Amino acid sequence: MGRYHTPKKRLNRKSRNWLIAGALAVGVAGAGYIGLNSFSQISANDLGFRITSETEAVASIEVSYNTRDRIQCDIRAMNDSYAIVGFKSLVLESEPTPRHVRVNLDVPLRTENLATTAGIEECYTVPQDF
């Protein structure tokens, strides 16, 4: 009973089921839209390295990212006691058309001493005006 002893008006089963299905469809579509628009996973892998001289190393890396984002990757060279003897920050600029790409890069590094390894430290998103 509702207020003033009037019977509550209920939706019939068919209308209620259609409302529930519509709400679920809107929720799933909204979640999918948000998920696809915010996709910005970055993955970075070492492919190898070359020590070209006592003062230079070359790191071969692979970076996968969404071109909507501006990415900065930090590459380091280390000696046999794992001290960093060379470092370089590399910026991958964004593009007007967002798409997921995978790029292979050879990054030369100047070193203070003889390096025994070189590779990627990390990649992350940076602001457009950074």
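Relevant structure appears above.
Scope of this entry: the structure provided in the associated data block. (Residues numbered from 1 in each chain as written. Predicted model: local features only at pLDDT ≥ 70, side-chain atom pairs only at ≥ 80, totals over all residues. Heavy atoms only, no water.)

**Things to note about the overall build of the protein chain**
Here is step 1: A tally of regular secondary structure across the protein chain gives one helix and six strands.
Here is step 2: Its helices and strands in sequence order give the protein chain the pattern α-β-β-β-β-β-β, from N to C terminus.
Here is step 3: Counting only C-alpha atoms, the protein chain reaches 90 × 30 × 25 Å along its principal axes.
Here is step 4: A burial count over the protein chain gives 27% of its 130 residues as buried.
Here is step 5: Once local pairs closer than 6 in sequence are excluded, the contacts in the protein chain between residues at least 24 apart make up 68%.
Here is step 6: On the protein chain, roughly 9,300 Å² of surface is accessible, and the fraction owed to carbon and sulfur atoms is 55%.
Here is step 7: If the 15 positive side-chain charges of the protein chain are averaged to one point and the 14 negative ones to another, these points end up 31 Å apart. (Helix = DSSP H or I, 4+ residues; strand = E, 2+ residues; numbered from the N terminus. Buried < 20%, exposed > 50% of the residue type's maximum accessible area, 1.4 Å probe, protein only. Contact = heavy atoms within 4.5 Å. Areas by Shrake-Rupley, 256 points an atom, 1.4 Å probe, with all protein chains shown as cover. Lys, Arg positive; Asp, Glu negative; His and termini not counted. Charge placed at Lys NZ, Arg CZ, Asp CG, Glu CD.)

**Regarding the side chain of Ser60**
Here is step 1: Considering the arrangement of structural elements, one finds Ser60 in strand 2 (residues 56-66).
Here is step 2: There is a polar contact of 2.6 Å between the side chain of Ser60 and the side chain of Asp106. (Polar contact = N/O pair within 3.5 Å; in protein donor to acceptor, adjacent residues only side chain to side chain.)

**Thoughts on the pairing of strand 2**
Here is step 1: Of all eleven residues making up strand 2, ten are buried, and the element is well covered by its neighbours.
Here is step 2: Remark: two residues form the turn of the hairpin made by strand 1 (residues 43-53) and strand 2, two consecutive strands paired antiparallel.
Here is step 3: Here eleven bridges tie strand 2 to strand 5 (residues 100-110), and the two strands are oriented antiparallel to one another. Along strand 5, the bridge assignment pairs Ala59 with Val107. (Pairing = 2+ DSSP bridges.)

**With respect to the sheet that holds strand 4 (residues 84-92)**
Here is step 1: One open sheet accounts for three strands, arranged 4-3-6; its pairing is antiparallel. The outermost strands of the open sheet, each flanked by one partner alone, are strand 4 and strand 6 (117-126). Each strand of the sheet is rotated relative to its neighbour by a mean of 20°, with strand direction disregarded.
Here is step 2: As paired elements, strand 3 (residues 70-78) and strand 4 share eight bridges and run antiparallel to each other. Bridge pairing in strand 4 places Ile75 opposite Lys88. (Axes fitted to C-alpha atoms, helices over the stretch in contact; angles between N-to-C directions.)

**Side note on the pattern of salt bridges**
Here is step 1: For the coordinates displayed, the defined rule picks out three salt bridges.
Here is step 2: For Arg70, the salt bridge goes to Glu93, with nearest N and O atoms at 3.0 Å. Placement of Arg70 in strand 3 and of Glu93 in the loop between strand 4 and strand 5 is noted, with a sequence separation of 23 residues between them.
Here is step 3: Between Arg99 and Glu95 there is a salt bridge, and its shortest N-O distance comes to 3.1 Å.
Here is step 4: For Glu95, a relative accessible area of 32% corresponds to the partly exposed category. (Salt bridge = Lys/Arg side-chain N within 4 Å of Asp/Glu carboxyl O.)

**So, a nonpolar patch on the surface**
Here is step 1: Together, Phe49, Ile51 and Leu114 line one region of the surface with nonpolar side chains, adding up to about 250 Å² of accessible area.
Here is step 2: For Leu114, the position within the fold is in the loop between strand 5 and strand 6.
Here is step 3: Using a relative accessible area of 45% as the deciding quantity, one classes Leu114 as partly exposed. (Patch = residues over 30% accessible without salt bridge, like charges linked within 9 Å, V, L, I, M, F, W, Y side chains within 5 Å.)

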